[in-house]
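Structure at a glance
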Amino acid sequence: MVEIIVSILAVAVAGLSLWYTNKGLSDQRRHNRLTVKPIPFVACADYEDLIRVKVRNDGTGPMIVRGISARKPGCEPEFNDLVSYMPELPSGMAWSNFSSGYVRSIPVGSELILVELKLDHAQSAQAAFRDLCRASLSQLEISVEYTDVYGSKFENEVRFLDFFARRLASSKAN
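Anyway, here's the lowdown on the structure attached to this text.

1. Considering the pattern of salt bridges
Applying the stated rule across the entire model yields 13 salt bridges. Asp27 is paired through a salt bridge with Lys23; the nearest N and O atoms lie 3.1 Å apart. Here Asp27 and its partner Lys23 are both found in helix α1 (residues 2-34), 4 residues apart, which amounts to about one turn of the helix. Residue classification places Asp27 among the partly exposed positions, given a relative accessible area of 32%. Residues Glu141 and Arg71 are paired through a salt bridge, measuring 2.6 Å at the closest nitrogen-oxygen approach. In this pair, Glu141 sits in strand β7 (residues 141-147) while Arg71 sits in strand β3 (residues 63-71), placing the two residues 70 residues apart along the sequence. Among the charged side chains, a salt-bridge network with shared partners connects Asp46, Glu48, Arg130, Asp131, Arg134 and Arg166.

The following block contains the structure:
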């Protein structure tokens, strides 16, 4: 009788050990995925001598950008890059930086510049062009489609660029 009880207890302990080990492995897998989670942030810079929109990875793992689309809210995207929505550059000016063909990886703490314009705000033609860029950007939204190294599906990061409109209102009031 004692042998039967010991046998039943041994099987129960073995089953409990298997369950506990499986749970521990599952928790470890979940932890590993969370420790490499990318967190995108669409950052805007709007200064007198600089206009910039970039995607920064504020997460703990690399962000694999599958696509970036720019569009007017409520409309289908016409272009995948921001620079295509911008007004035509005046003679003698060039974009400081811009990106297209977005399938790439952004390491932790790094960024992908979508559009950047450095200018001399003392020159009235450049200041006027800056305001045209602000007006164009203020009507757009950016959507970033991304995954982590495991290919996990995340909700797209969307940012409306109405941030650029605040300077337009103040410059018209002056």
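Now, onward.
2. Let's talk about the packing of aromatic side chains
Inspection of the entire model under this criterion finds 4 aromatic pairs. On the basis of an interplanar angle of 55 degrees and a centroid distance of 6.0 Å, the ring pair of Trp95 and Phe129 is categorised as tilted. Taken together, the positions of Trp95 in the loop between β3 and β4 (97-98) and Phe129 in helix α2 (residues 124-137) put the pair 34 residues apart, joining distant regions of the chain. For Trp95, a relative accessible area of 17% puts it in the buried group. Over the ring of Phe163 we find Arg159; its NZ or CZ atom is 5.9 Å from the centre of that ring. A cation over a ring is seen here: Arg166 above Phe163, with NZ or CZ 4.1 Å from the ring centre.

3. Details of the pairing of β3
The buried count for β3 comes to 7 of 9 residues, which makes it a mostly enclosed element. Relative to strand β5 (residues 104-106), β3 runs antiparallel, the two being bridged by 3 bridges. What sits directly across from Ile64, in β5, is Ser105. In terms of strand pairing, β3 meets β7 through 7 bridges, oriented antiparallel. Within β7, the residue paired with Ser69 across the bridge is Ser143.

4. Brief notes about the sheet that holds strand β8 (residues 157-160)
Sheet architecture is open: 4 strands sit in the order β5-β3-β7-β8, paired in antiparallel fashion. Whereas interior strands pair on both sides, the edge strands pair on one side only; in this sheet they are β5 and β8. Neighbouring strand axes in the sheet, compared pairwise and without regard to direction, differ in orientation by 35 degrees on average.

The rules behind each value
Residues numbered from 1 in each chain as written. Predicted model: local features only at pLDDT ≥ 70, side-chain atom pairs only at ≥ 80, totals over all residues. Heavy atoms only, no water. Salt bridge = Lys/Arg side-chain N within 4 Å of Asp/Glu carboxyl O. Helix = DSSP H or I, 4+ residues; strand = E, 2+ residues; numbered from the N terminus. Buried < 20%, exposed > 50% of the residue type's maximum accessible area, 1.4 Å probe, protein only. Phe/Tyr/Trp six-rings, centres within 6.5 Å; stacked < 30°, edge-to-face > 60°. Lys NZ or Arg CZ within 6 Å of the ring centre and 35° of its normal. Pairing = 2+ DSSP bridges. Axes fitted to C-alpha atoms, helices over the stretch in contact; angles between N-to-C directions.

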